[in-house]
Structure formats: structure tokens, C-alpha cells
Amino acid sequence: MTDTPVVKSRVHDIEPEDGLLFGCILDGKGGGRLCDWAEVETTDTEKNPLWLHLDNVSDRAETWLREKSGIPAPVVGALLAKESRPRSLRVDDGLLVILRGVNLNEGAEPEDMVALRMWVEPTRIITVRYERLMTPRDVLSDIVDGGHGAETTADLFVALSERLSLKINDVIIELEDRLDALEAQVDTEQPTKLRSRIAESRQDTVALRRYLSPQREALANLQYDAPDWLNPSQRMGLRETADRTMRYLEDLDAARDRAIVVLDELANKMAESMNRTMYALSIVAAIFLPLSFLTGLLGINVGGMPGVNSNVAFWITCAIMTILMVTEVYVLRRLKWI
């Protein structure tokens, strides 16, 4: 019996070429082939739809965008901006779209979302990133390795938007599972430790929502000012992605509210525990206060203290204190304080 060979994706063999993370020429049938800088600069995109994925920390990539890409200067500035907010803007017959995806890089937190900047034309799409993002290579694998990916740049844009959205869903599900586990530990875990973990989950929820809210608006805006090269099916796909993002926002709001409720419950439990402790101490103090007063009174070092020369005075005093303590307990019980 022979072992089944492991088929390695060609996407994983791609080596960046001076700012060009990868280039892909679509064949219009769901497949495509990889290309380099030399082919990028000579390809007729009218006949061969082109996808470029660039690293904008590269001088060559920046120079090409500014001088050879033919993209309007304001759009180039937005593509190269280090800090960006999710948004969409139609410029002539092209679309500038900036979306964010969860950060799944090693050692990073998913809520530290990574921006993917896109310039989409009828026969060309350019994506730019600062930090590594898994989504572009996942979509590229469908095209290069599977041959069942996007047929046009519009399809590619919709696929990138959808894949970004689906990866966010995985993070939200994980966050909800974490909150479920924390809620189950309310009665068993130490409140101070649990409180800090719930507060951390709440902060993660707020961080995700901070990016998803404008992202939903960016996707929704495409419905009102979409270019003609986006067909009804593709517009419906973008609408579905916008609706899915809206659902994510609702899920995050619900998770945030759950975290607040759990924090309030923990605070109530801590306050209740403190009240019980203070109540017990108050009862003990109420019982022993008169006894302490009596022993303090008998302990003063002045002449004329009764029973100084009596051998039974100590036992009489103990009996009086015992009767006093029993009387106090009886009175407190009658008052329903204990």
C-alpha cells in the first residue's frame, strides 16, 4: 500500500519580487497564471485581466504606482497611506475600496485588523497591504491551483470581500465561545481573575466593532454608486457581504452586552460576599462590645475595685459575662438580626 502524495499549493512557492508579492493574469474561465514585474509592465489588460498584490513598503512598488500605473494621484495616496479607515469611493470608472481583515499572523491578536487596499477597474485590480494578510493568497489558490476562482476582476473583488468577511465570522464565533465559557465559570472561578478575563473579551469586542462599523458602511455605499461593470449578481454578492457584516455587528453588540451583564453579576456577587462578611463581623462586634467594655472596666488599676480580695470574684465575673452574652444572642435573634 502506497502513501497518497501530498499536493502542495503553488501559491506557497511564490517569492516576492521587489514589492510584487504576486501577480496573476486571469484566463476568464476561473483559472489564471502567475506573472512577474516584466510581464506586468507589458501585459495588455484589455485582453488579459490582471491582478497585482503589492507590498507598499517597497520603493519599486511605490514608484510603479505613482509613475507607471496610470492611477489618479489621490487614489495612489490612499493606497499608500499607512493608516486607513474602511471606506469605498468611486473615481471615474474605478473603485477605491479599503477593507480590513482579521490578523491571523503568528503572535498577533485577531482583533488587530489588517487593512487591504484595493483599486478595481474593469480589467485590472490592484491590492496593497502593509502587513501580511491570508485572504489574498487563499483567493489566489482558488485561481492558480484550483482553476475555479474569479473569472473577471469584478468577480475577484467580490471574492476578496466575501473571504475577508468569512474569516471575521470565525473570530466572532471564537469570541462568543470564550464568553460562554466565562459565564459558566461565574459560580466557580475566583471573581477577580474572572473579571479581568471578561473585561479583556469586552475590549476585544469593542476593537472589532470599531473597524466593522465603517466597513459595513463602505460595502453598503457600493450599492448606491456601483460602476456599470458590476453586474446584478456581483452587486448581490456585495449586498450579502454587507448584510453579513451587519449581522456581525449585531453579534458583537450582543457579546458586549453579555460581557457587561456578567461583569455586573460578578460585581453583585463580590458585593454580596462582602456584605455577608461585614454582617458577620458586625454581629461578632455587637456581641463582644459589652463584654469588652466590662473587662476593660474591671481592668483599670485604681483602688476600691470590688472582689480584689475574694477567691470567687473571678468566677462570678465569668458567670455574669456568660449570662450577658447569652442575653445578647437571645435579643439579637428576637430582633431577627441573626
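Here the structure is a predicted model, which is why all the values come from computation and not from measurement. (Residues numbered from 1 in each chain as written. Predicted model: local features only at pLDDT ≥ 70, side-chain atom pairs only at ≥ 80, totals over all residues. Heavy atoms only, no water.)

For helix α8 (residues 313-334), with 22 residues, the first-to-last C-alpha span of 32 Å sits near the 32 Å given by 1.5 Å per residue. Buried residues belonging to α8 abut α7 (232-298). Phi turns positive, to about 60 degrees, at Lys336, one or two residues after α8. (Helix = DSSP H or I, 4+ residues; strand = E, 2+ residues; numbered from the N terminus. Expected span 1.5 Å × (residues − 1). Contact = heavy atoms within 4.5 Å.)

By size, the foremost hydrophobic cluster in this structure holds 33 residues, and its most contacted members are Trp51, Leu95, Met118, Leu156 and Phe157. In terms of residue count, helix α5 (residues 153-184) provides more of this core than any other element does, six residues in total. Residues contacting Phe157, with those up to four places away along its chain left out, are Leu95, Val97, Met118, Val120, Ile125, Leu222 and Leu238. (Core = buried A, V, L, I, M, F, W, Y, C linked by side-chain atoms within 4.5 Å. Buried < 20%, exposed > 50% of the residue type's maximum accessible area, 1.4 Å probe, protein only.)

Before going further, it helps to spend a moment on empty space enclosed by the protein. On inspection of all chains with the given rule, the structure shows one cavity of 30 Å³ or more. Taken as a whole, the largest cavity encloses approximately 30 Å³ of empty space. If you go around the largest cavity, the residues you meet are Leu21, His53, Arg129, Arg132, Leu133 and Arg137. When its residues are assigned to classes, the lining of the largest cavity shows two nonpolar, one polar and three charged. (1 Å grid on protein atoms, 1.4 Å probe; cavity = no way out; pocket = protein on both sides within 12 Å on 5 of 7 lines; lining within 4 Å. Points joined across faces, edges and corners; volume = space filled by probe spheres on them. Nonpolar A, V, L, I, M, F, W, Y, C, P; charged D, E, K, R; others polar.)

Across the protein chain, the average pLDDT comes to 83, with 94% of residues at or above 70. Within the model, the stretch residues 1-8 combines pLDDT values under 50 with one contact to residues more than four positions away or in other chains. (pLDDT = per-residue confidence, 0-100.)

What follows covers the layout of surface pockets. Over the atoms a probe the size of a water molecule is rolled, and this reveals where empty space is left. Approximately 220 Å³ is the volume attributed to the largest pocket. Surrounding the largest pocket, 15 residues form its lining, Arg100, Met113, Val114, Ala115 and Glu131 being those nearest its centre. Of all the elements in the fold, those that place two or more residues in the lining of the largest pocket are β6 (114-120) and α6 (191-221). Residues of the lining of the largest pocket, tallied by class, amount to six nonpolar, one polar and eight charged. Estimated volume of the second largest pocket: approximately 170 Å³. Considering each element in turn, the lining of the second largest pocket owes the most residues, three residues, to α8. Its residues assigned to classes, the lining of the second largest pocket shows six nonpolar, two polar and no charged.

Further remarks concern the packing of helix α4 (residues 134-146) against α5. Contact pair α4 / α5: the axes reach a minimum separation of 9 Å and the direction vectors enclose 130 degrees. Of the possible angle classes, the one that applies to α4 and α5 is oblique. The chirality of how α4 crosses α5 is right-handed. In this structure, α4 contributes Met134, Thr135, Pro136, Asp138, Val139, Asp142 and Ile143 to the contact, and α5 contributes Leu156, Ala159, Leu160, Arg163, Leu164 and Lys167. Class assignment of the residues belonging to the contact of α4 with α5 gives a composition of eight nonpolar, one polar and four charged. (Axes fitted to C-alpha atoms, helices over the stretch in contact; angles between N-to-C directions. Parallel < 35°, antiparallel > 145°, perpendicular 65-115°, else oblique. Left-handed = near helix turned anticlockwise from the far one by under 90°.)

This paragraph deals with the side chain of Thr123. Locating Thr123 in the fold gives a position in the loop between β6 and β7 (124-129). The buried category is assigned to Thr123, whose relative accessible area is 16%. Among all residues touching Thr123, those that are not within four sequence positions of it are Thr45, Glu46, Asn48, Pro49, Leu50 and Thr153.

The next thing to look at is the pattern of salt bridges. Following the criterion strictly, the structure yields 14 salt bridges and no others. The salt bridge involving Arg163 is made with Asp142; its shortest N-O contact spans 2.6 Å. Here the residue Arg163 occupies a position in helix α5, and Asp142 occupies one in helix α4, the gap between them amounting to 21 residues. Of the residues examined, Asp142 reaches a relative accessible area of 21% and is grouped as partly exposed. Asp253 is the partner of Arg256 in a salt bridge, and the nearest nitrogen-oxygen pair spans 3.4 Å. On the criterion of helical spacing, the pair formed by Arg256 and Asp253 is a turn pair, its members being three residues apart in helix α7. (Salt bridge = Lys/Arg side-chain N within 4 Å of Asp/Glu carboxyl O.)

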